[in-house]
Amino acid sequence: MTSRDHVAVFALLTFTALLTSCAAPAIRDGAPRTGMKSPGTLPDDAIPRAEPKSRYGNGPYYKVYGVTYKVLDSSHNYQERGVASWYGKKFHGRMTSSQEPYDMHAMTAAHKTLPLPTYVRVRNLKNNRSIVVRVNDRGPFVSNRIIDLSYAAAQKLDMVREGTTMVEVTALGFNETPTVVRNVPAPTHAAPTVETDTSVFLQVGAFGDAGNAKRRFSMLQENGIGQAFIHEDNASSATIYRVKIGPIADVDEYDALVARLERMGIAETHLVAN
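Rules used throughout
- Residues numbered from 1 in each chain as written.
- Predicted model: local features only at pLDDT ≥ 70, side-chain atom pairs only at ≥ 80, totals over all residues.
- Heavy atoms only, no water.
- Core = buried A, V, L, I, M, F, W, Y, C linked by side-chain atoms within 4.5 Å.
- Buried < 20%, exposed > 50% of the residue type's maximum accessible area, 1.4 Å probe, protein only.
- Helix = DSSP H or I, 4+ residues; strand = E, 2+ residues; numbered from the N terminus.
- Contact = heavy atoms within 4.5 Å.
- Pairing = 2+ DSSP bridges.
- Axes fitted to C-alpha atoms, helices over the stretch in contact; angles between N-to-C directions.
- Expected span 1.5 Å × (residues − 1).
- Arc of directions from axis to C-beta.
- Polar contact = N/O pair within 3.5 Å; in protein donor to acceptor, adjacent residues only side chain to side chain.

## Here we look at the nonpolar core
One finds Val120, Val122, Val133, Ile147, Leu149, Val167 and Val169 to be the most contacted residues of the largest nonpolar core, which totals 34 residues. At the level of elements, strand 5 (79-87), strand 6 (108-110), strand 7 (118-124), strand 8 (130-137), strand 9 (145-150), helix 1 (151-156) and strand 10 (164-172) are the ones that each hand at least two residues to this core. Apart from the residues lying within four places of it in its own chain, the contact partners of Val167 are Glu80, Arg81, Gly82, Val83, Ala84, Val122, Arg123, Asn124, Leu125, Ile146, Ile147 and Leu157.

And the structure:
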């Protein structure tokens, strides 16, 4: 698992993030020394409740590594698919961007643009496990990552060993009751693979004109990108021609594919699941 940087962000009109990892660059991130908890001892999912916006970390803008981020005014209707990572003992006890101590054993997460706090459901697209966490921190400031989960949350999604996984993140309203199983046992070393028909694809274009979709498809073929196809989406009154690549096997393949597409000038990509 690679270490990642987090920030403490102060509530100014335009504010500067302070990197919490700068003080101890030699410390590697990871799980606690005791490793994974015993089955049945993981925390319950976070339960959405009405909370005022944090005085800290809510922007409206902040800047990290030369990139300016705009904090969303609301989490309403937010849903995104991408890659989740996790952070652990290196940051345990340090202040999050909302100026709350980070607890790697709590069901929390970091996100770059959602208001603090926001409750989100995170679904692992590889095994269909689902959890609810409270977003109270900023990050991860790593390419192609959309959410950084606490160690406990990563355990419940069965992604600790891999370090990353492809997920779907959905914001929850304060009046929504999580429809997930609570006190999910911690996965063991011999945990069986969860069979699911969920396949993950990378969408590289959605066009109302079939000719434009064919040109994008031809561009992929000419650059040696296989497993590309055009899907005709007839869900609405007008047909949408979606150009997709996949299925995507894992995060490594996803990262390599996104980097290759960016070199081709295709920066707008989206993970989609069947």
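Anyway, onward from the coordinates.
## Here's the deal with the sheet that holds strand 11 (residues 200-207)
Reading across the sheet, the four strands line up as 12-13-11-14 and stay open at both edges, with antiparallel pairing between neighbours. The outermost strands of the open sheet, each flanked by one partner alone, are strand 12 (228-233) and strand 14 (270-273). Within the sheet, the average angular offset between the axes of one strand and its neighbour, ignoring direction, is 45°. One ladder, built from four bridges, connects strand 11 with strand 14; its direction is antiparallel. Bridging across to strand 14, Leu202 finds its partner in Leu271.

## What about the environment of Gly139?
Within the secondary structure, Gly139 is located in the loop between strand 8 and strand 9. Classification of Gly139 as buried rests on a relative accessible area of 0%. It is 9.6 Å that separates the C-alpha atoms of Gly139 and Val64, two residues lying 75 residues apart in sequence.

## Thoughts on helix 2 (residues 210-222)
Its 13 residues place the ends of helix 2 18 Å apart at the C-alpha level, agreeing with the 18 Å of an ideal helix rising 1.5 Å per residue. Along helix 2, the positions that sit buried rather than exposed are Ala213, Phe217 and Leu220. The buried residues of helix 2 all sit within an arc of 55° when viewed along its axis, so they share a single face. In helix 2, those exposed residues whose orientation departs by more than 90 degrees from the buried face are Lys214, Arg215 and Glu222. Here helix 2 starts with a cap whose side-chain oxygen sits 3.0 Å from the backbone nitrogen of Gly211, and that cap is Asp209.

That's the geometry; what it means functionally is another story.
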